[in-house]
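# Overview (structure and organization)
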Amino acid sequence: MRRILIIDDEDDIREVAALALETTAGWEIVTAGSGPDGILAAANCKPMPDAILMDVMMPGMDGPTTFRLMQQNPELAGIPVLLLTAKVQGVDQRRFAGLGFSAVLFKPFNPLTLAAQISEKLGWVD
Amino acid sequence: MSQQASILLSIFLACIVLLVVVGLWLDRKVRRQEHDLASLGEALKRSRAHAEEQRNRLAERSDMDHAKDEFISTVSHELRTPLTSIRGALGLLSSGLLGNVDGRAQNLLRIASTNTERLIRLINDILDLERMESGRAPVNLRRCSIYDLSREAVDTMTALADASSIRLELNSYAAHDANYFDADPDRILQVLTNLLSNAIKFSPANSTVTLQIDANIEALSVKVIDRGRGIPADKLESIFDRFQQVESSDSSKKGGTGLGLAICRSIIQQHGGMIWAQPNRDWAKPDQIAPGTTFCVQFSRSVRAGDTAMPMMMSPMAEHGEGLILVCDDDPGIRTVICEQLRRHGYDVIEAGSGEEVIALAHEQAMRNAPVPAIAGILLDHYLPGLSGWETLRQLKSSPATAAIPVIVLSVSSPSERPLLVGEAQGWVQKPFNENLLLGELARVLKSKPKAGAVAIKQHDAIASRLTV
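Residues numbered from 1 in each chain as written. Chains lettered and ligands numbered in written order. Predicted model: local features only at pLDDT ≥ 70, side-chain atom pairs only at ≥ 80, totals over all residues.

## Re the overall build of chain A
In terms of helices and strands, chain A carries five helices and five strands. Each helix (α) and strand (β) of chain A, taken in turn from the N terminus, gives the series β-α-β-α-β-α-β-α-β-α. Long-range pairs, those at least 24 residues apart, make up 62% of the contacts in chain A with a sequence separation of at least 6. (Helix = DSSP H or I, 4+ residues; strand = E, 2+ residues; numbered from the N terminus. Contact = placed C-beta atoms within 7 Å.)

## Focus: the overall build of chain B
For chain B, the count of helices and strands is 12 helices and 12 strands. Looking at the 469 residues of chain B, the share that counts as buried comes to 28%. Taking as baseline every contact in chain B between residues at least 6 positions apart, the subset at least 24 positions apart corresponds to 68%. (Buried ≥ 20, exposed ≤ 12 C-beta atoms within 10 Å, placed from the backbone.)

## Remarks on the interface of chain A and chain B
Many authors give the size of an interface as the accessible area that is lost as the parts come together. Taken together, the contact between chain A and chain B spans 24 residues of the former and 21 residues of the latter. When contributions to the side of chain A that touches chain B are tallied by element, the ones reaching two or more residues are α1 (11-25) and α4 (90-96) of chain A. Sort the elements by how many residues they give to the side of chain A that touches chain B and α1(A) lands first, with eight residues. Considering only residue class, the side of chain A that touches chain B consists of 13 nonpolar, five polar and six charged. (Nonpolar A, V, L, I, M, F, W, Y, C, P; charged D, E, K, R; others polar.)

## Here's the deal with the nonpolar core
The nonpolar side chains of a soluble globular protein tend to be buried, and buried together. In terms of nonpolar packing, the biggest core is built from 40 residues, with V191(B), L192(B), L195(B), L196(B), V224(B) and C264(B) touching the most fellow members. Of all the secondary structure elements, the ones that give two or more residues to this core are α2 (103-133), α3 (146-163), β3 (180-183), α4 (185-201), β4 (208-215), β5 (219-225), α6 (260-270) and β7 (289-300) of chain B. Here this core takes seven residues from α4(B), the largest share from any one element. When residues no more than four places from it in sequence are discounted, the contact partners of C264(B) are V191(B), N194(B), L195(B) and I275(B). Formed by 33 residues, the second largest nonpolar core is a distinct cluster that contains A18(A), I29(A), A32(A) and A42(A). (Core = buried A, V, L, I, M, F, W, Y, C linked by C-beta atoms within 7 Å.)

## Concerning the packing of helix α1 (residues 2-95) of chain B against α2(B)
Residues and elements named next belong to chain B. The geometry of α1 relative to α2 is characterised by a closest axis approach of 10 Å and an angle of 160° between their N-to-C directions. If you check the angle between α1 and α2, you find them roughly antiparallel. Relative to α2, α1 is oriented so that their crossing is left-handed. From α1, I72, S76, L79, L83, I86, R87, L90, G91, L93 and S94 reach across to α2, where they touch Q106, L109, R110, A112, S113, T116, L119, I120, I123, L127 and E130. Across the contact of α1 with α2, the residue classes break down as 12 nonpolar, six polar and three charged. (Axes fitted to C-alpha atoms, helices over the stretch in contact; angles between N-to-C directions. Parallel < 35°, antiparallel > 145°, perpendicular 65-115°, else oblique. Left-handed = near helix turned anticlockwise from the far one by under 90°.)

## Notes on the environment of L236(B)
Mapped onto the elements, L236(B) comes out in the loop between β5 and α5 (250-254). Non-local contacts of L236(B), meaning those with residues more than four positions away in its chain, are made with I231(B), A277(B) and Q278(B).

## A short note on the pairing of β4(B)
Residue and element names in this part refer to chain B. On β4, burial follows the alternation: V209, L211, I213 and A215 on one face are buried, whereas T208, T210, Q212 and D214 on the facing-out side are not. Examined bridge by bridge, strand β2 (residues 167-172) and β4 share six bridges and lie parallel to one another. Bridge pairing in β4 places N171 opposite Q212. In this sheet, β5 lies alongside β4 in antiparallel orientation, the contact comprising six bridges. Across the sheet, residue L211 finds its bridge partner in β5, namely V224. Here β4 hands over to β5 after three residues, the two strands then running antiparallel side by side. (Pairing = 2+ DSSP bridges.)

Function-wise, these values are silent; they only describe arrangement.
See below:
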């Protein structure tokens, strides 16, 4: 079974995304409400999450910063991170390009196809 | 003797008179020159003040553009965040994955879901249109085939057509090579799917919607033909305006946003093309109007929009060039690719990784004497760390040694987004570019005479050097 860590400061979005992935794909979901909590959750998760779904704009530590810190930790550096963002403008997308994220997904996502989208981006066939 | 003395005296007097006259004349001339120089000095001062004022205005405008970008980006984010929760919750509830709900509740969930989707489309469309009309949605031109894009649009819309029992048909009257043109494929696909989606929505069941391609050496056109209720003559033009539909109930009944055609028109205009609607004609009875509407999109291959905003529709075949080209991009990979392309076409190349390096190299080359070739042109990346492309361009153009070197800006932005830069640069190539586009623009710039701007700068410098002597 896949294990996904969702990092988003919006409680409602965390809940909806978790429910969507649990019910449509049967994945196990861990959630965190901030960048620092996300890094802790990823490090404490045993086994490690198979992928991380990360919000961009979070108070305190934003998604790209959280991602950069994770990359500095050899244990967490290998986990694929998908950016989940409500910023869909070209200028915002260019900002994310080349930072090393596995994919960028956009809000509002379709709850019924979110799991399939993640699998497709990461090349998961199961 | 006295006669001789009087002759000498008169010669002497004549000489004195002549000297006085010449002296007076010289004095007047010097005064006039002083006056000329003073007024030239004044003119120079005024033109410098004007340039300063222009520069300040440019900086203000770029600040305003930046603030507007930030505002739109934030509003978009703030609207999407609550919609994400609503869409997620409604989607899961109405899917039945969390257990069944009774029929009436199911219907209410369906209504809420459909209208959430409509709201999301509306927000997307409004932002899309706003960005395009303010010139902040650059078109990324690349060589693509109108046939392939049409095929993709038809494939994408087949499910929707099937659901309404409508047949989609793709007819091409273009030779294989004539299908190719330079366009932003995502944007053109957006237009084609939008036109097909409209055609399907307004067609009766069991009818056919046709996508027809015509292309020749001068123009390339796509028509989307439906057999629907048709559009009254007085609305054929206004349907391209925002929120203008043939019937006011159309947006709620058909689920459109009322912005689709306005977006299509913006995209096509960005490509230098035209889009319009016309009633179908019955070719057997040409004087009669047949049911349905034809939406026509046309691109002229001769459009040379480089002067205003857009790169040309068809890049000329790359020809053999010569001269020393300075290539500046902070990305060594891009630099290598460009240099390789230029070398293969006969140019000599030097590389620079920053704006500072460009200024230094350009001056160094300008100071050298023949036979070392001076720089024939500069390819300058717009976004550079440190000294920006813009600042580099300004410095090049304000130095007499380098002002005359033509500069081609390489930018992910379209020229219409950065109109102020366009004024100073002699050429513009939007990234990502293909080899033909780059070489075509370089050849065009090298062939054309120096712009008036460069000449004017040189004249000012000439005046300045006279004043300081």
